[in-house]
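Per-entry structural report
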Amino acid sequence: MAYDDSNIFAKILRGEIPCNKVAEDDHTLAFEDIAPLRAVHVLVIPKGAYVDWRDFAATASDEEQAAFTRMIAQVAEVTGIADSGYRVISNIGRNGHQEVPHLHMHVLGGEAVGPLVDRS
Ligand code: 5GP
């Protein structure tokens, strides 16, 4: 899928839409989800234009990929959930129920997150 730069996270990255920033580095931005599903619900996105994991793994630099991974751990630290535990989720494509076509990780915690997936 080609990257569509009209997606909501691209607008956040361009500063056209505000966000509650949690952490940032040269390659990655972390901000609060607008509709939190747990006490802590942070989205981690690469600043580059990547639709999904296939795109990111194939074309992002090693530096970008390392920054993305480290930012997840940093978010857990700054939100205080590193010790109590948390879940990291990435929804990809139609079956993954990805709504925003810019790669992102959900970091959820601050309370019990529940079963991995709905069994229905
Ligand atoms: P997806 O289903 O693509 O994995 O998740 C997209 C997430 O983006 C949802 O959890 C949704 O609440 C969040 N989201 C959608 N629009 C906005 C927005 O304008 N700002 C923020 N901070 N989060 C958003």
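Here we look at the pattern of salt bridges
As enumerated under the stated definition, the model contains three salt bridges in all. Its salt-bridge partner being Glu 24, residue Lys 21 comes within 2.5 Å of it at the nearest N-O pair. Overall, the relative accessible area of 38% leaves Glu 24 in the partly exposed class. Residues joined in a network through salt bridges with shared partners are Lys 21, Glu 24 and Lys 47.

A word on the side chain of Arg 87
Relative to the helices and strands, Arg 87 resides in strand 4 (residues 86-89). No salt bridge is formed by the buried Arg 87; the nearest opposite charge belongs to Asp 118, separated by 12 Å. Looking at Arg 87, its side chain comes within polar contact range of the main-chain oxygen of Pro 115, at 3.0 Å. Contacts of Arg 87, omitting those with residues within four sequence positions, involve His 106, Val 107, Leu 108, Val 113, Gly 114, Pro 115 and Leu 116.

Basis of the calculations
Residues numbered from 1 in each chain as written. Predicted model: local features only at pLDDT ≥ 70, side-chain atom pairs only at ≥ 80, totals over all residues. Heavy atoms only, no water. Salt bridge = Lys/Arg side-chain N within 4 Å of Asp/Glu carboxyl O. Buried < 20%, exposed > 50% of the residue type's maximum accessible area, 1.4 Å probe, protein only. Helix = DSSP H or I, 4+ residues; strand = E, 2+ residues; numbered from the N terminus. Lys, Arg positive; Asp, Glu negative; His and termini not counted. Polar contact = N/O pair within 3.5 Å; in protein donor to acceptor, adjacent residues only side chain to side chain. Contact = heavy atoms within 4.5 Å.

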